[in-house]
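Here's the letter readout for the chains.
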Amino acid sequence: MSKSSKVGASEVGLVIGSTVTRFFLGAEDLHYGYWDDKLEPTIHNLREAQERYCQLLISHFPEGVRDVLDVGCGVGNLGKRIIEHGYRVDGVSPSTLLTRSARRNLGENSHIYEGRFEDVHIDKKYDLVQFSESFHYIDIDVALEKARRCLNPGGHILICDFFKTDAPGKSPLGGGKKLSEFYEKVAKHPLVKVEDIDITEQTAPTIVVRRDMQENLLRPIWDASFYALETNHPWVARFIKWKFRRKLEKIKRKHLGGGSTPEAFRKFKSYRLFVFKIQQV
């Protein structure tokens, strides 16, 4: 297998994670949930919070939207919910493993462009290009420019994702574009800002649920797996710990560290819902 065709750990993790949450929790996605004071942030309420997140996105689709391009459609569950509301949805999926799941969930009437959004050739025009927790993976200028080229006249771009704030200190949470940089760059594109909604407060409780899963599900599985390996195959365990020590430390720090809190999320991240319209020339 060539290097370019290797399956990424994040890709496998997304499919496994989606399968686990669907089987144990009945939740369909791995995205952040939308919480309010009446919904307690527990694993058992995750499905309801994620459904509210889906409804929030759909409720901000501009009037006249029919065809939607879901960039970074994952395993297709969000797109499936959008289709159920009467829209036509195509997706962009970065790899074969995700594409298989997306095609199964979206059905034969949806087309999945397989590859990175930056690279795929899209020969169709849409009323709305949507980035739901996928925008932070793509260069800002590239994402906005290509999204505009995929739109019909008067089309819209919807971005729902977390951004980095300018808060001082080191964040325990990775990922995200700088919000200040995003504002600077989007101002240079022929786009009219229709909506800019801060939903940080409503998404931050997801960190409580994530930490609960880390401490009570992922860490016990991780510890038990390495205990069995070290007991039955000590030489193999030592080799793995030496050979992949950096990757293992990264996994532990990112997924098992437990350092993330809702308070840290509110300080270092700003979760926004943006809607932009193509500026008429």
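Before reading on, note that the structure itself is shown above.
Rules and cut-offs
- Residues numbered from 1 in each chain as written.
- Predicted model: local features only at pLDDT ≥ 70, side-chain atom pairs only at ≥ 80, totals over all residues.
- Heavy atoms only, no water.
- Phe/Tyr/Trp six-rings, centres within 6.5 Å; stacked < 30°, edge-to-face > 60°.
- Buried < 20%, exposed > 50% of the residue type's maximum accessible area, 1.4 Å probe, protein only.
- Helix = DSSP H or I, 4+ residues; strand = E, 2+ residues; numbered from the N terminus.
- Lys NZ or Arg CZ within 6 Å of the ring centre and 35° of its normal.
- Core = buried A, V, L, I, M, F, W, Y, C linked by side-chain atoms within 4.5 Å.
- Contact = heavy atoms within 4.5 Å.

Comments concerning the packing of aromatic side chains
Within a pair of aromatic rings, the relevant descriptors are the distance that separates the centres and the angle that separates the planes. Here the structure, examined in full by the defined rule, presents 18 aromatic pairs. Pairing F131 with F135 gives two aromatic rings, centres 5.3 Å apart and planes at 90°, and the pair type is edge-to-face. Taken individually, F131 and F135 each receive the classification buried, so the pair is uniform in this respect. With a centroid separation of 4.9 Å and an interplanar angle of 45°, the aromatic rings of F182 and F274 are classed as tilted. Placement of the pair is F182 in helix α6 (residues 179-186) and F274 in strand β8 (residues 269-278), with a sequence separation of 92 residues. Looking at F274, the relative accessible area reads 0%, which means it is buried. Taken together, the ring pairs connect F117, F131, F135, F163, F182, Y183, F274 and F276 into an aromatic cluster. Seen from the ring of F117, K146 lies directly overhead, with NZ or CZ sitting 5.4 Å from the centre. Seen from the ring of W235, R238 lies directly overhead, with NZ or CZ sitting 4.4 Å from the centre.

A short note on the nonpolar core
Within the largest apolar cluster, 28 residues are counted, with the highest numbers of intra-cluster contacts made by L69, F117, F131, I159 and F182. At the level of secondary structure, the elements contributing two or more residues to this core comprise β1 (67-71), β4 (126-132), α5 (140-149), β5 (151-164), α6 and β8. The contact partners of I159, leaving out residues within four places of it in the chain, are F131, F135, L144, F182, R272, L273, F274 and F276. Listed in part, the 27 residues of the second largest apolar core include Y53, I82, L128 and Y271.

Remember, this is a structural readout, not a statement about activity or role.
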